[in-house]
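Residue-level structure breakdown
One letter stands for each residue in the lines below.
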Amino acid sequence: MIQISAEADFMIKKLVSYELFGQTFWLTTTHVAMLIVSVVLIIFAVAANRAIRHAKPVPGVFQNFVELIVEKLDSMVKNSMGKNAYRFVNYISSIFLFILLSNISGIFGLRSPTADYGVTLMLGLITFGLIHYNGVKKNKIQHFTNLFKPLPLLFPINLIGEVATPLSLSLRLFGNVMSGTVMLGLWYGMMPLLFSLGIPSFLHAYFDLFSGAIQTYVFCMLTMVYVGDKIGDD
Amino acid sequence: MITGQDLILACSAIGAGLALIAGVGPGIGQGIAAGHAAAAVGRNPGAKSEITSTMLLGQAVAETTGLYGLAVAIILLFVKPLT
């Protein structure tokens with residue numbers, strides 16, 4: 001007899017509550033997953049720092065790996081930002097590694113932090129701040145008069161376009177990761193036990209690895225395109 | 001006996017299904033983008049990596065409208081704002 005449990009389980013779970021300014025807040029699974037991702041990244045960074053500090057002329061496996069990552073990220077930023085790459089390569093590399101690790105953390109049984117809209121909205125807002133900080137720094141007052149550019153009549157549309165940037169950025173990342181999380185949650189919850197043994201590995205490979213890597217690349221690429229659009233090429 | 005609550009839940013499920021019709025557009029758009037990228041690689045195999053990254057960027061932007069539909073469907077199904 002095949003038993004189907006109708007318990008799809010993929011929502012954010014509340015773990016610990018605390019009071020702040022008269023409001024009740026919750027520490028959720030997102031915080032735990034983000035903490036684990038951050039700790040893993042920090043340990044990796046410390047290990048990489050030690051490996052590079054004592055770099056050997058003939059690199060070992062780990063040193064090779066670190067050099068490969070840095071080289072790839074460097075060339076990715078340089079290809080799309082040109083001369084300004086040195087100012088942004090640190091930030092872009094950091095969020096690239098963070099989002100990538102967050103997206104593929106679904107494989108290790110965590111609930112991906114990027115499947116929480118709070119996380120992706122913050123990433124989008126950081127990009128928003130970066131865009132306008134650099135825009136004001138480069139174009140001074142022209143940054144705002146550009147909103148009236150082709151016609152003053154188009155000001156509302158331009159304004160909506162500016163505000164929609166972080167929303168579409170964050171919704172894109174959230175939607176892709178969340179759709180994978182929902183699919184896998186439905187598969188694990190709705191299918192009989194027999195089907196949840198080997199088959200989900202393909203789903204994990206597609207939704208977590210492939211889709212996650214593509215969306216990471218797209219998020220960083222779009223951030224660079226938007227910022228590079230404001231500061232120009234020189 | 002169907003209560004108002006049940007009716008709202010049923011209509012939310014139907015609405016979530018309808019919202020995912022939004023997936024048709026991005027599918028067509030991404031297919032066109034991939035097809036043209038394949039044609040471009042065929043014409044100029046040397047520029048493969050550049051073409052691929054441009055294609056992925058365009059497809060990701062085209063995907064946004066579909067994801068709006070997905071967000072609406074998820075909100076209707078799991079957040080249940082109308083009940």
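Residues numbered from 1 in each chain as written. Chains lettered and ligands numbered in written order. Predicted model: local features only at pLDDT ≥ 70, side-chain atom pairs only at ≥ 80, totals over all residues.

Overview of the overall build of chain A
Stated precisely, the cut-off is as follows: Helix numbering and strand numbering both begin at the N terminus, where a helix is a DSSP run of H or I of at least 4 residues and a strand a DSSP run of E of at least 2. Three exposure classes are used, all based on how many other C-beta atoms lie within 10 Å of a residue's own C-beta (placed from the backbone): buried at 20 or more, exposed at 12 or fewer, and partly exposed between those limits. Residues are scored as being in contact if the C-beta atoms we place from backbone atoms lie within 7 Å.
Assigned secondary structure in chain A consists of 7 helices and 2 strands. In chain A, the succession of helices and strands from N to C terminus is β-β-α-α-α-α-α-α-α. Along the first, second and third principal axes, the C-alpha atoms of chain A reach 70 × 60 × 40 Å. The proportion of buried residues among the 234 residues of chain A is 25%. The contacts in chain A between residues at least 6 apart in sequence include a share of 68% that link residues at least 24 apart.

Regarding the UniProt feature "transmembrane region" (unreviewed entry) in chain B
Our working definition: UniProt positions are given in the numbering used here, feature names are shortened, and annotations may be inferred rather than shown by experiment.
UniProt records the feature "transmembrane region" (unreviewed entry) at residues 55–79 of chain B, using the numbering of this structure. Secondary structure across residues 55–79 of chain B comprises 100% helix and 0% strand; the distance between its end C-alpha atoms is 34 Å.

A few points about the nonpolar core
How we decide: Among buried residues, those of type Ala, Val, Leu, Ile, Met, Phe, Trp, Tyr and Cys that are joined through C-beta atoms within 7 Å form a set called a nonpolar core.
Ranked by size, the top nonpolar core spans 33 residues in total, and within it Val77, Phe88, Ile92, Phe174, Phe219, Cys220 and Met224 of chain A carry the most contacts. Secondary structure elements with two or more residues in this core: helix H1 (29–53), helix H2 (61–81), helix H3 (85–104), helix H6 (155–190) and helix H7 (200–231) of chain A together with helix H3 (48–79) of chain B. In contact with valine 77 of chain A, other than residues within four places in its own chain, are Ala85, Phe88, Val89, Ile92 and Met224 of chain A.

Points about the environment of glycine 60 of chain A
Following the sequence through the fold, glycine 60 of chain A ends up in the loop between H1 and H2. Residues glycine 60 of chain A and tyrosine 91 of chain A, 31 residues apart in the sequence, show an inter-C-alpha distance of 27 Å.

What to know about the UniProt feature "transmembrane region" (unreviewed entry) in chain A
When the UniProt feature table is mapped onto this chain, "transmembrane region" (unreviewed entry) is found at residues 25–47, 88–111, 117–135, 173–195 and 207–228 of chain A. Measuring from the first to the last C-alpha atom of residues 173–195 of chain A gives 29 Å, for a span that is 78% helix and 0% strand.

Topic: the interface of chain A and chain B
By a widely used convention, the size of an interface equals the accessible area lost when the partners come together. For clarity, the cut-off: The residue classification treats Ala, Val, Leu, Ile, Met, Phe, Trp, Tyr, Cys and Pro as nonpolar and Asp, Glu, Lys and Arg as charged. All others, Gly included, are polar.
On the chain B side, the residues contacting the 13 residues of chain A number 11 residues. Sort the elements by how many residues they give to the side of chain A that touches chain B and H6 of chain A lands first, with 8 residues. Split into classes, the residues belonging to the side of chain A that touches chain B amount to 8 nonpolar, 4 polar and 1 charged.

Thoughts on the packing of helix H2 (residues 24–43) of chain B against H3 of chain B
Residues and elements named next belong to chain B. The criterion, for reference: Every axis corresponds to a line fitted to the C-alpha atoms, with the helix fit spanning only the stretch in contact, and the corresponding angles, defined between N-to-C directions, vary from 0 to 180 degrees. Note that the term roughly parallel is reserved for angles under 35 degrees, roughly antiparallel for angles over 145, roughly perpendicular for angles of 65 to 115, and oblique for everything else.
Across the interface, H2 lies against H3 with an axial gap of 9 Å and an inter-helix angle of 170 degrees. Here H2 is positioned roughly antiparallel relative to H3, judged by the angle of their axes. Across the interface between the two elements, Gly25, Pro26, Gly29, Gln30, Ala33, Ala34, Ala37, Ala40 and Val41 of H2 pack against Lys48, Ile51, Thr52, Met55, Gly58, Gln59, Ala62, Glu63, Thr65 and Gly66 of H3. The residue inventory of the contact of H2 with H3, partitioned by class, reads 9 nonpolar, 8 polar and 2 charged.

Comments concerning the UniProt feature "domain: V-ATPase proteolipid subunit C-like" (unreviewed entry) in chain B
Annotation from UniProt places "domain: V-ATPase proteolipid subunit C-like" (unreviewed entry) at residues 14–76 of chain B. Structurally, residues 14–76 of chain B comprises 87% helix and 0% strand, and the distance from its first C-alpha atom to its last is 10 Å.

Focus: helix H4 (residues 117–139) of chain A
Residues and elements named next belong to chain A. Rule in force here: Take the residue count of a helix, subtract one, and multiply by 1.5 Å to get its expected span.
For H4, spanning 23 residues, the distance from its first C-alpha to its last is 32 Å, which sits close to the expected 33 Å at 1.5 Å a residue. Along H4, the residues that are buried comprise Val119, Thr120, Leu123, Gly124, Thr127, Ile131, Asn134 and Gly135. Downstream of H4 by one or two residues, lysine 140 has phi in the positive range, about 50 degrees.

Observations concerning unusual backbone geometry
Residue and element names in this part refer to chain A. For phenylalanine 21, which is not glycine, the phi torsion reads 55 degrees and is therefore positive. Topologically, phenylalanine 21 is positioned in the loop between strand E1 (14–20) and strand E2 (23–28). C-beta crowding within 10 Å serves as the criterion here: with 5 such atoms nearby, phenylalanine 21 is assigned to the exposed category.

Section: the pairing of E1 of chain A
Residue and element names in this part refer to chain A. Where we set the bar: By this definition, two strands are paired if DSSP reports at least two bridges between them.
The element E1 is barely covered by neighbouring structure, given that only 0 of its 7 residues are classed as buried. For E1 and E2, the ladder comprises 6 bridges, and the chain directions are antiparallel. Paired with glutamate 19 across the strands is threonine 24, a residue of E2. Following E1, the chain reverses through 2 residues before pairing antiparallel with E2; phenylalanine 21 in that reversal takes a positive phi of roughly 55 degrees.

Side note on H1 of chain A
Taking 1.5 Å per residue as the helical rise, H1 of chain A with its 25 residues ought to reach 36 Å, and the 36 Å between its terminal C-alpha atoms agrees with that figure. Looking at the buried positions of H1 of chain A, the neighbouring elements they touch are E2, H3 and H4 of chain A.

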